[in-house]
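Structural description and commentary
Below, each chain spelled out in residue letters.
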Amino acid sequence: LVALRIKATDQLSGVIDQFSCTVRAIVPQWSGALWSEGTSRSPAWAFAEVLRGSSNARPLADSRINLDKLLAWDASCAGGGWTFDAVLEQASSVWEVLGEIAATANAAVTTGNGIYSVIVDEARTTPVQLLTPRNSWGFELTRTFARRPHALRVRFPNVLTKHQYDELYCYEDGYDASNATIFEALELPYTTDAAQAWKRARRAIFAARLRPEIVSLTVDAEHLVAERGDLVYIVHDVPL
């Protein structure tokens, strides 16, 4: 609820056609034991609010949300400086909005046994399964030889310009404004900080460079131990 009190002058009188303000969302936040309300820019609590809040036509019970995972994700977001800043004015599917929230902090939505959670794209050191020709078949490896851009042109609503869209350039190693000729656009509508936008663009450049291969294979259901996002080892003769 917003109230305005404005003194009429020779330049201002009658109806106010338009005004702008900067706000923060008041959302419930899980401490590990109970919920408390407060302002937050954390993607984790925006994620929870979409699932269980009044904006959802069919809000979920807490038992349908992996709150422990969201709490750990919130700590990861705080450490990395990841935020979710959006004004959602149009109706959209819950899954679509959850995906947009997760993407701002290097994560993806997942469901298992009716429980909503996130998979954070981060380093893992402990493999959960070893896949070999003895417990799998149909091994395929595809390598992408795409022509990578020299730089990404990033558009984002900059908080320093009252959330007007701004642009920055994130260059691949070895390129700068003097020699870059191949550009691609990257839209970040829910990232408002320039440093954060640059980090997301830099991560996209590294992902394109360091993840050129897709490996796929088939496993019997009784041999499938790994879940999406887990680290697995593959020992196979085909890559040799």
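So, here is what we can say about the structure in this document.

**As for the overall build of the protein**
Helix and strand counts for the protein come out as 4 helices and 11 strands. Whereas a compact globule of 240 residues would reach a radius of gyration of roughly 18 Å, the protein reaches 23 Å, over 25% beyond that. For the C-alpha atoms alone, the extent of the protein along its principal axes is close to 85 × 55 × 30 Å. Taken over 240 residues, the protein has a buried fraction of 30%. Nonlocal contacts in the protein, meaning residues at least 24 apart in sequence, comprise 64% of its contacts between residues at least 6 apart. Taking the average location of the 23 positive side-chain charges in the protein and that of its 28 negative ones, the two points are 3 Å from each other.

**Overview of the side chain of S42**
Inspection of the secondary structure puts S42 in the loop between β2 (35-39) and α1 (43-52). Of the polar contacts made by the side chain of S42, one reaches the backbone nitrogen of A44; its length is 3.2 Å. Here the side chain of S42 touches D74 through a polar contact of 2.7 Å, side chain to side chain.

**Some words on the sheet that holds strand β8 (residues 164-171)**
In space, the 3 strands of this open sheet follow the order β8-β7-β9, with mixed pairing throughout. Of all strands in the sheet, those bounded by a partner on one side alone are β8 and β9 (183-187). Put simply, the sheet's adjacent strands are angled 25° from each other on average, direction ignored. Where strand β7 (residues 151-158) meets β8, 8 bridges bridge the pair, whose relative direction is antiparallel. Directly across from R155, in β8, lies its bridge partner E167.

**With respect to unusual backbone geometry**
Although it is not a glycine, N106 adopts a positive phi angle of roughly 55°. Tracing the sequence through the fold places N106 in the loop between α3 (94-103) and β3 (107-112). Here N106 falls in the buried class, since its relative accessible area comes to 15%. Positive phi is not limited to glycine here, since K162 has a value of about 60°. When you line up the elements, K162 lands in the loop between β7 and β8. With relative accessibility at 68%, the residue K162 sits in the exposed group.

**A short note on the nonpolar core**
Judged by nonpolar contacts, the single largest core of 28 residues is most densely connected at F47, L70, W73 and I101. Secondary structure elements with two or more residues in this core: β1 (26-30), α1, α2 (67-80), α3, β3 and β4 (115-120). Per element, the largest residue contribution to this core is 7 residues, and it comes from α1. When neighbours within four sequence positions are excluded, F47 is seen to be in contact with L70, W73, L98, I101, V109, S117 and V118. V154, F156, L168 and C170 belong to the second-largest nonpolar core, a separate cluster that totals 9 residues.

**What to know about the pattern of salt bridges**
Throughout the structure, instances matching the rule amount to 10 salt bridges. A salt bridge links D85 to R41; the nearest nitrogen and oxygen atoms lie 2.8 Å apart. Of this pair, D85 sits in the loop between α2 and α3 while R41 is found in the loop between β2 and α1, placing the two residues 44 residues apart along the sequence. For D85, a relative accessible area of 15% puts it in the buried group. Note that R203 is salt-bridged to D121, the shortest N-O span being 3.2 Å. On the criterion of sequence distance, the pair formed by R203 in helix α4 (residues 194-210) and D121 in the loop between β4 and β5 (129-131) is long-range, its members being 82 residues apart. Taking the relative accessible area as the measure of exposure, R203 reaches 34% and is therefore partly exposed. Given a relative accessible area of 31%, D121 falls into the partly exposed group.

**Brief notes about α4**
With 17 residues, α4 extends 24 Å from end C-alpha to end C-alpha; this agrees with the ideal 24 Å at 1.5 Å per step. Within α4, the full set of buried residues consists of Q196, A197, R200, A201, R202 and I205. Summarising the contacts, the buried residues of α4 are in contact with α3, β7, β8 and β9. For α4, the N-terminal capping position is held by D193, with its side-chain oxygen 3.1 Å away from the main-chain nitrogen of A195.

About the thresholds
- Residues numbered from 1 in each chain as written.
- Predicted model: local features only at pLDDT ≥ 70, side-chain atom pairs only at ≥ 80, totals over all residues.
- Heavy atoms only, no water.
- Helix = DSSP H or I, 4+ residues; strand = E, 2+ residues; numbered from the N terminus.
- Rg over C-alpha atoms; globule rule 2.2 N^0.38 Å.
- Buried < 20%, exposed > 50% of the residue type's maximum accessible area, 1.4 Å probe, protein only.
- Contact = heavy atoms within 4.5 Å.
- Lys, Arg positive; Asp, Glu negative; His and termini not counted.
- Charge placed at Lys NZ, Arg CZ, Asp CG, Glu CD.
- Polar contact = N/O pair within 3.5 Å; in protein donor to acceptor, adjacent residues only side chain to side chain.
- Pairing = 2+ DSSP bridges.
- Axes fitted to C-alpha atoms, helices over the stretch in contact; angles between N-to-C directions.
- Core = buried A, V, L, I, M, F, W, Y, C linked by side-chain atoms within 4.5 Å.
- Salt bridge = Lys/Arg side-chain N within 4 Å of Asp/Glu carboxyl O.
- Expected span 1.5 Å × (residues − 1).

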